[in-house]
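Analysis of the macromolecular model
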Amino acid sequence: MDEDVNEGERDDLGSGLGLRAETRVERRASRRRARGRRAFGCFAGLVSLLVVGAIVAGAVIGFGKGKDALAGVFSAPDYKGPGTGTVVVEITKGQAVSSIADTLEKKEVVKSARAFERVARDDPRSLQIQAATYTLRKHMSAKAALDLMLNTQLSVLVTRISFPAGKTKAEVALILQGSKMKLPPGAAATALGKPAMLGLPAYANNNAEGFLFPGTYDVPKNATAYTMLKLMTANYAKAAASLDLVNSAKRKGLDPYQAVIVASIIGAETNRQQDYAKVARVIYNRLAANMYLGMDSTVHYVVGKDGGVYTTPEQRKNPSPYNTYNHKGLPPTPINSPTREELSAAINPAPGPWKYFTLVNLDTGETAFASTFAEHQVNVKKLQTWCLAHKNRC
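**What to know about the nonpolar core**
Grouped together as the largest cluster of nonpolar side chains are 59 residues, with contacts concentrated most on Leu176, Leu229, Tyr236 and Ile266. Ignoring anything within four residues of it in the chain, the contact list for Tyr236 reads Pro201, Tyr203, Gly210, Phe211, Phe213, Leu245, Val260 and Leu343. Formed by 24 residues, the second largest nonpolar core is a distinct cluster that contains Val87, Val89, Ile100 and Ala142.

Written out as structure tokens, the structure reads:
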């Protein structure tokens, strides 16, 4: 310090130093207070978040309870029980569940479409609802309605027509005409008289005989005789395609029409599938040997079958080209509608030397095969013995 500074000046200087010292202290205190405020602010913010979180959680819980309460107020109206009476409901192909639900509500099957939609949504089987005409009941619970629709054996209102194997086209026409379809008189025969409209294969020679595939058919809505006959020829086409019938027949030196003729004879001559291929072999062996086929079934096609297995001498004199006792080769057309198995046997004959066969037991369908006429006669006597023991059966 300068020794020349006077006393007053030292006082002034000391005062200045004292002011600066106080400012530093105050600043430190201010900083401490600021840190305290920031700490309190953080704590207060945390408390605020906890409070807000608690409020939000309470609101969510409250909303859930409110939603449950609203669900009770606005739940889908639904009947109870299986319902009463009957009501016919048609479900079309591709109809969505929501549309089905609307249909059921309009028909008074269910109380509300929403109830049915809710039940269908919770049951994966609802995806299996078929396009069909259903017989349901009025005032059913949604669950009962869905369960009944899924049980198609009870609920589906369908007209079905069965055409047994081995029927001629004339017999098919009679079955069709006499069905619940209630066709106009002569409609089936008229349809058969217009083969170009029936979807026949090109090799059918414009004749439906042999191509009206047997089976049980569902009758579509507004179906006509043409509708049903076309369904039958379409099923024949599917069976033939699955067997590759055209190419398989060609590989055996046959045209496909001849294969169908052979198949029809097989079905008329035996009712045991295990014998189909052996009967086919007999037919081909006889043709190869330039023998008469001598099949009673082809004669029955002309004169009508009277229930017996034999033909009479008079019937075997019939001049028809279907009489294979008097005309060599195959008959001109199939003699009935063969099954897929019979078609398969016609193009896949069993290997063997047989040229003869005969039934020996009508109850079991047992058939005996022979390579020579002498062996065949022994088998024929077996049939005669069976017929004597079972009068009025042959």
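**Some words on the layout of surface pockets**
Taken as a whole, the largest pocket spans an internal volume of roughly 1300 Å³. Glu269, Asp296, Ser297, His300 and Val309 are, among the 45 residues lining the largest pocket, the residues nearest its centre. At the level of secondary structure, the elements contributing two or more residues to the lining of the largest pocket comprise helix 10 (256–269), helix 11 (276–288), helix 12 (296–303), strand 5 (356–361) and helix 14 (373–389). In terms of residues, the lining of the largest pocket owes the most to one element, helix 12, which gives 6 residues. Taken together, the residues of the lining of the largest pocket sort by class into 19 nonpolar, 17 polar and 9 charged.

**A short note on the packing of helix 11 against helix 13 (residues 340–347)**
Where helix 11 meets helix 13, the axes come as close as 8 Å, and the angle between the chain directions of the two elements is 45 degrees. With respect to each other, helix 11 and helix 13 are oriented oblique. The interaxial crossing formed by helix 11 with helix 13 has right-handed handedness. Within the contact between the two elements, helix 11 uses Tyr276, Ala277, Ala280 and Tyr284 and helix 13 uses Glu341, Glu342, Ala345 and Ala346. Partitioning the contact of helix 11 with helix 13 into residue classes produces 6 nonpolar, no polar and 2 charged.

**A few points about helix 6 (residues 169–177)**
For helix 6, the complete set of buried residues consists of Val172, Ala173 and Leu176. One side of helix 6 holds all its buried residues, which, seen down the axis, span an arc of 100 degrees. The secondary structure elements touched by the buried residues of helix 6 are strand 3 (160–163), helix 7 (187–192) and helix 8 (225–243).

Cut-offs used in this document
- Residues numbered from 1 in each chain as written.
- Predicted model: local features only at pLDDT ≥ 70, side-chain atom pairs only at ≥ 80, totals over all residues.
- Heavy atoms only, no water.
- Core = buried A, V, L, I, M, F, W, Y, C linked by side-chain atoms within 4.5 Å.
- Buried < 20%, exposed > 50% of the residue type's maximum accessible area, 1.4 Å probe, protein only.
- Contact = heavy atoms within 4.5 Å.
- 1 Å grid on protein atoms, 1.4 Å probe; cavity = no way out; pocket = protein on both sides within 12 Å on 5 of 7 lines; lining within 4 Å.
- Points joined across faces, edges and corners; volume = space filled by probe spheres on them.
- Helix = DSSP H or I, 4+ residues; strand = E, 2+ residues; numbered from the N terminus.
- Nonpolar A, V, L, I, M, F, W, Y, C, P; charged D, E, K, R; others polar.
- Axes fitted to C-alpha atoms, helices over the stretch in contact; angles between N-to-C directions.
- Parallel < 35°, antiparallel > 145°, perpendicular 65-115°, else oblique.
- Left-handed = near helix turned anticlockwise from the far one by under 90°.
- Arc of directions from axis to C-beta.

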